[in-house]
Amino acid sequence: SMKNIYSPNNIEVLLHCHTCPRPHPRIDAPAVKEAVMQFLEIGAIVAFEDTYITTRLGHAWVDALCNTPPPRLVFIDEAGRVL
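Since this is a predicted model, take the numbers as computed values, not measurements.

1. Section: the overall build of the chain
Logical step 1: A count of helices and strands for the chain gives three helices and two strands.
Logical step 2: Reading the helices (α) and strands (β) of the chain from amino to carboxyl end gives α-α-β-β-α.
Logical step 3: Relative to the 2.2 N^0.38 estimate, which gives 12 Å for 83 residues, the radius of gyration of the chain is 16 Å and therefore markedly larger than a compact globule would have.
Logical step 4: Principal-axis analysis of the C-alpha atoms places the extent of the chain at approximately 55 × 25 × 20 Å.
Logical step 5: Across the 83 residues of the chain, 29% fall into the buried class.
Logical step 6: With an accessible surface of roughly 6,100 Å², the chain has 60% of that area assigned to carbon and sulfur atoms.
Logical step 7: Taken as two groups, the 7 positive and 9 negative side-chain charges of the chain have centres that lie 4 Å from each other.

Listed below in structure tokens is the structure:
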């Protein structure tokens, strides 16, 4: 079962399901098929007509991705403390 978004492909598939009312343009690609199956399995998307759409879980995941701040550069000492 998917514990995190894992890859840019998975992010793209989830965003496509969230924003586009048409089938994914690479729906026959193995990586896209796998992402769709995993998102279906955890309930992040559902089949709708001839495509897939996000559920409340999928919508919340997209919101979380949109609210993720950019990475910060930090220096860490030998004890793991941020300097």
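After that view, the rundown keeps rolling.
2. Concerning the pattern of salt bridges
Logical step 1: Considering all chains together, one arrives at two salt bridges under this definition.
Logical step 2: Two residues, E12 and R26, come together in a salt bridge whose shortest N-O distance is 3.7 Å. Residue E12 is found in helix 1 (residues 8–19), and its partner R26 is found in the loop between helix 1 and helix 2 (30–42); the two are separated by 14 residues along the sequence.
Logical step 3: A residue is classified by how much of its surface remains accessible, and R26, at 40% relative accessible area, is partly exposed.
Logical step 4: For R81, the salt bridge identified is with D77, shortest N-O distance 2.8 Å.
Logical step 5: By relative accessible area, D77 is classed as buried at 13%.

3. Details of the environment of G58
Logical step 1: Following the sequence through the fold, G58 ends up in helix 3 (residues 56–66).
Logical step 2: It is 21 Å that separates the C-alpha atoms of G58 and P70, two residues lying twelve residues apart in sequence.

4. Focus: the pairing of strand 2 (residues 51–54)
Logical step 1: Here strand 1 (residues 45–48) pairs with strand 2 via four bridges, running antiparallel. Residue pairing across strands places I45 opposite T54, the latter belonging to strand 2.
Logical step 2: As consecutive antiparallel partners, strand 1 and strand 2 are separated by two residues, and within that stretch E49 has a phi angle of approximately 55 degrees, a positive value.

5. A short note on a nonpolar patch on the surface
Logical step 1: A contiguous nonpolar patch, built from V74, I76 and V82 and spanning about 270 Å² of accessible area, is present on the exposed surface.
Logical step 2: Position of V74 relative to the elements: it lies in the segment after helix 3.
Logical step 3: According to the relative accessible area criterion, V74 is partly exposed, its value standing at 34%.

Parameters and conventions
Residues numbered from 1 in each chain as written. Predicted model: local features only at pLDDT ≥ 70, side-chain atom pairs only at ≥ 80, totals over all residues. Heavy atoms only, no water. Helix = DSSP H or I, 4+ residues; strand = E, 2+ residues; numbered from the N terminus. Rg over C-alpha atoms; globule rule 2.2 N^0.38 Å. Buried < 20%, exposed > 50% of the residue type's maximum accessible area, 1.4 Å probe, protein only. Areas by Shrake-Rupley, 256 points an atom, 1.4 Å probe, with all protein chains shown as cover. Lys, Arg positive; Asp, Glu negative; His and termini not counted. Charge placed at Lys NZ, Arg CZ, Asp CG, Glu CD. Salt bridge = Lys/Arg side-chain N within 4 Å of Asp/Glu carboxyl O. Pairing = 2+ DSSP bridges. Patch = residues over 30% accessible without salt bridge, like charges linked within 9 Å, V, L, I, M, F, W, Y side chains within 5 Å.

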